[in-house]
Amino acid sequence: MTSRIRKPDTDADVRLRDRLESEGNRHFVMVAGAGSGKTTSLVKALAHIEHSQGSSLRLNGQKVACITYTDVAVEEIRGDVGSDELFHVSTIHSFLWAVLKPFQNDIRNWIESRLNEKIEESQIKIDNPRTRQKTKDKAQSDIDYYRDELSKLSLVKNFRYETGSDYSKGILGHSDILKIGPSFINNHELMRNLLTKRFPVIFVDESQDTDPVFVEALRTVAREITQNFCLGFFGDPVQKIYMQGTGQIPPEDGWETIEKPENFRCPQTVRRVINKIRAEDDGLEQTRGRHELKNGEEVPVEGTARIFVLPADDRRQDRLKDTRRWLAQQDADETWLQEEGETAPRLLVLVHRMAAIRLGFPNLYAALNDKAPENLKTGLTDGTAWVFSPFLPYILPLIAAHKEQKQFEAVRLLRKYCPKFQPNALIEVNTANALRDLKDDIDTLSNMLDVDNNTLIGEVAVFLRERNLFAFDERYNELVDFFVLAKETGIEIVPMPENAGLRFMLCEAKELWGYRKYIEKLSPFATQQGIKGAEFDKVIVIVDDEEGASPSFSYGKYFGVTPLSDTDTKNIDEGKDSVIDRTRRLFYVCCSRALSDLAVIVFAEDTAQMRDALIHKGFFEEECIHVLD
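Criteria and thresholds
- Residues numbered from 1 in each chain as written.
- Predicted model: local features only at pLDDT ≥ 70, side-chain atom pairs only at ≥ 80, totals over all residues.
- Heavy atoms only, no water.
- Helix = DSSP H or I, 4+ residues; strand = E, 2+ residues; numbered from the N terminus.
- Rg over C-alpha atoms; globule rule 2.2 N^0.38 Å.
- Buried < 20%, exposed > 50% of the residue type's maximum accessible area, 1.4 Å probe, protein only.
- Contact = heavy atoms within 4.5 Å.
- Domains from an automatic or database assignment.
- Salt bridge = Lys/Arg side-chain N within 4 Å of Asp/Glu carboxyl O.
- Phe/Tyr/Trp six-rings, centres within 6.5 Å; stacked < 30°, edge-to-face > 60°.
- Patch = residues over 30% accessible without salt bridge, like charges linked within 9 Å, V, L, I, M, F, W, Y side chains within 5 Å.
- Areas by Shrake-Rupley, 256 points an atom, 1.4 Å probe, with all protein chains shown as cover.
- Expected span 1.5 Å × (residues − 1).
- Pairing = 2+ DSSP bridges.
- Axes fitted to C-alpha atoms, helices over the stretch in contact; angles between N-to-C directions.
- UniProt positions renumbered as here; feature names shortened; annotations may be inferred.

### Observations regarding the overall build of the chain
Helix and strand counts for the chain come out as 26 helices and 18 strands. Taking 25 Å as the expected radius of gyration for a compact globule of 629 residues, we find that the chain reaches 26 Å, a close match to that expectation. Seen along its three principal axes, the alpha-carbon backbone of the chain occupies a region of about 70 × 65 × 55 Å. Taking all 629 residues of the chain together, the buried fraction comes to 53%. Restricting to contacts in the chain with at least 6 residues of sequence separation, those with at least 24 account for 73%.

So, in structure tokens, the structure goes:
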């Protein structure tokens, strides 16, 4: 275990330890605000279980499951618990596959049922007299494909889990696992019993952003099994920033809710701001604030929290620079002007076109933001959009490793993602020739993705498929087919939600490098949705509804200068998640990143109106609200 466990206990840590030691029902929900040290509490809980129950769990061949949202979070927690195999730390998909893998016959039956459903859906399209002939032809082609998959299922000995699905080869994809897992847990008592026998303790990290179907499946288990099993959720509903997340997790009868109100990150000025923001939500008041040692004594850091209102005109870039110069002069601190480096202020933008233009991916941004479906818009903010699946985790790192001659990293990526580099594929061919061909393929890819090349993303995808370098799932294969058809026919592409993926494929592949730099925090810019858990000395939050237009968020509506729509009002009246709720949570996450200084820059059509609205909101002291015309 790392030094986290040696940090002083908070009241929440003590309550959680008591809960883990109690008899009977031990299920719980921990609500931990920004900067509270949620991961520290989780690691302390794991350490306590290892100390108090580790011997008996190992003796029985049991493990403690710790499920978290991303691979990055998995590595962080693994870094804390070390190599102790008592702990099964994984993402949702990996955890579910560990549970599902023994149920091979049930998986086969599920796939048969799924393919038959798809055949029925396609047949309905064919039978509909209003369906266009091109759509009917595509539906018939799909039926032929699904029937061919069905005919090959009996030849599959064992199913395995990879990125994309290919049923005839026994491969299940991400989306399959997330459908099968909760279904099996909910519908099979044997699955529930085996789950709790194998994992008598299950912790879910970042629970607010976890898939609600999976959360409900675990709740079903916890309702049924209250003895010798502990289910714990660690999260913060006010930091839910992904549309598909479950948000708040109401406790069941007999569960305990443990609040952790401390904030060890933010200076006092910022802590007061985020408490006012949070007061409109769950009302959890965060305490303490960041301290630092002075003359051997811990003293609170006061810091700064200011908000600037600027005209929303065509001089945004210049006005942003002017504001940074004002801050540097006011604070006698030149770091406000730094563009790069560890001490440079971090600019948080809501998928801001300004960052896209500056970093060289304006067309990619437009394709997935302008008249694009919500799932692609949301996925653009944090790199999770499904169209990025071959590129961000695999192809771009592979080419980077190839150019930097990092052979071990290249081999690791190929082993993880490349179908023809798998051991079973190499057995069937001349290995030397196969490796030579693979090297040629990587050289070709490197050239296609060169910054001086104009190769399209779709052309790279076609090459990946033709050379069997990546296992595309059904949805991605359809997109590649759509791209090939569009190129052959030369059809005019008018921006519409249904062709956002195609517009992405028609972008130049070199734009992916700028986007990767942006999304992986290698630039001074960061998306507001992609920084949860991060912290920076100086934070500049850019608020600009016009450039970051999205129906999911609206700072104008949140601050009270833009009228609510009928749908907004209806959602609020019915207690549904609304644009106000989503924007409030996003604003809370952004402001709570600051270790020392926070500057919020609001671009507004009417600066005087916005200033009055901000005064009315009361988040910032009136003397800290500045209008710079």
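Read on, since the account is not over.
### Looking at the domain arrangement of the chain
On domain assignment, one finds that the chain holds domain 1 (4-96 + 200-262), domain 2 (102-176), domain 3 (270-350 + 528-627) and domain 4 (360-520). Placing a centre on the C-alpha atoms of domain 3 and another on those of domain 4 gives a separation of 35 Å.

### Focus: the pattern of salt bridges
Overall, the coordinates contain 54 salt bridges when judged by the stated rule. Salt-bridge contacts for Arg-584 lead to Glu-280; the nearest nitrogen and oxygen are separated by 3.5 Å. In this pair, Arg-584 sits in helix α25 (residues 579-591) while Glu-280 sits in the loop between α10 (268-279) and β10 (287-288), placing the two residues 304 residues apart along the sequence. A residue is classified by how much of its surface remains accessible, and Glu-280, at 34% relative accessible area, is partly exposed. Here Glu-574 makes a salt bridge to Lys-570, at a shortest N to O gap of 3.1 Å. Connected through shared salt-bridge partners, Glu-280, Asp-281, Asp-581, Arg-584 and Lys-617 make up one network.

### With respect to the packing of aromatic side chains
Overall, the coordinates contain 27 aromatic pairs when judged by the stated rule. Ring centres of Tyr-145 and Tyr-146 lie 5.8 Å apart, and the angle between their planes is 65°; this geometry places the pair in the edge-to-face category. Residue Tyr-145 is classed as partly exposed on the basis of its relative accessible area, which comes to 39%. Through successive ring pairs, a cluster of aromatic residues spans Phe-361, Phe-388, Phe-391, Phe-504, Tyr-515 and Tyr-518.

### Looking at a nonpolar patch on the surface
Residues Phe-482, Leu-485 and Ile-491 make up a contiguous nonpolar surface patch of roughly 230 Å² in combined accessible area. Of note, Leu-485 is situated in helix α20 (residues 474-489). Leu-485 gets classed as partly exposed once you look at its relative accessible area, which sits at 38%.

### Regarding helix α2 (residues 38-59)
Its 22 residues place the ends of α2 30 Å apart at the C-alpha level, agreeing with the 32 Å of an ideal helix rising 1.5 Å per residue. A positive backbone phi angle near 70° is found at Gly-61, which sits one or two residues after α2.

### Details of the sheet that holds strand β3 (residues 87-91)
Strand order in this open sheet of six strands is β3-β2-β6-β7-β1-β8, and the pairing throughout is parallel. With partners counted over all chains shown, the strands left at the sheet margins are β3 and β8 (256-260), one partner each. The sheet shows a mean angle of 15° between the axes of neighbouring strands, direction not considered. Sheet analysis places strand β2 (residues 64-68) next to strand β6 (residues 201-204), joined by four bridges and oriented parallel. Paired with Val-64 across the two strands is Val-201, which belongs to β6.

### Section: the UniProt feature "binding site: ATP" (unreviewed entry) in the chain
Here, UniProt's "binding site: ATP" (unreviewed entry) annotation points to Ala-32, Gly-33, Ala-34, Gly-35, Ser-36, Gly-37, Lys-38 and Thr-39. Within the secondary structure layout, Gly-33 lies in the loop between β1 (28-32) and α2. Residue classification places Gly-33 among the buried residues on the basis of a relative accessible area of 4%. Beyond its immediate stretch of four places on either side in the chain, Gly-33 contacts Asp-236, Gln-239, Lys-260, Arg-278, Leu-284, Gln-286 and Tyr-588. Relative to the elements of secondary structure, Thr-39 occurs in helix α2. Exposure remark for Thr-39: the relative accessible area of 16% places this residue in the buried category. Once you skip the residues sitting within four places of it in the chain, Thr-39 turns out to touch Arg-4, Glu-76, Ile-77 and Asp-80.

### A look at the environment of Leu-502
By the secondary structure assignment, Leu-502 is in helix α21 (residues 500-505). A relative accessible area of 1% places Leu-502 in the buried class. Along the primary structure Leu-502 and Val-387 are separated by 115 residues, whereas in three dimensions their C-alpha atoms are 9.8 Å apart. Sequence-distant contacts of Leu-502, that is, excluding residues within four places in its chain, are made with Leu-479, Phe-482, Phe-483, Ala-486 and Ile-493.

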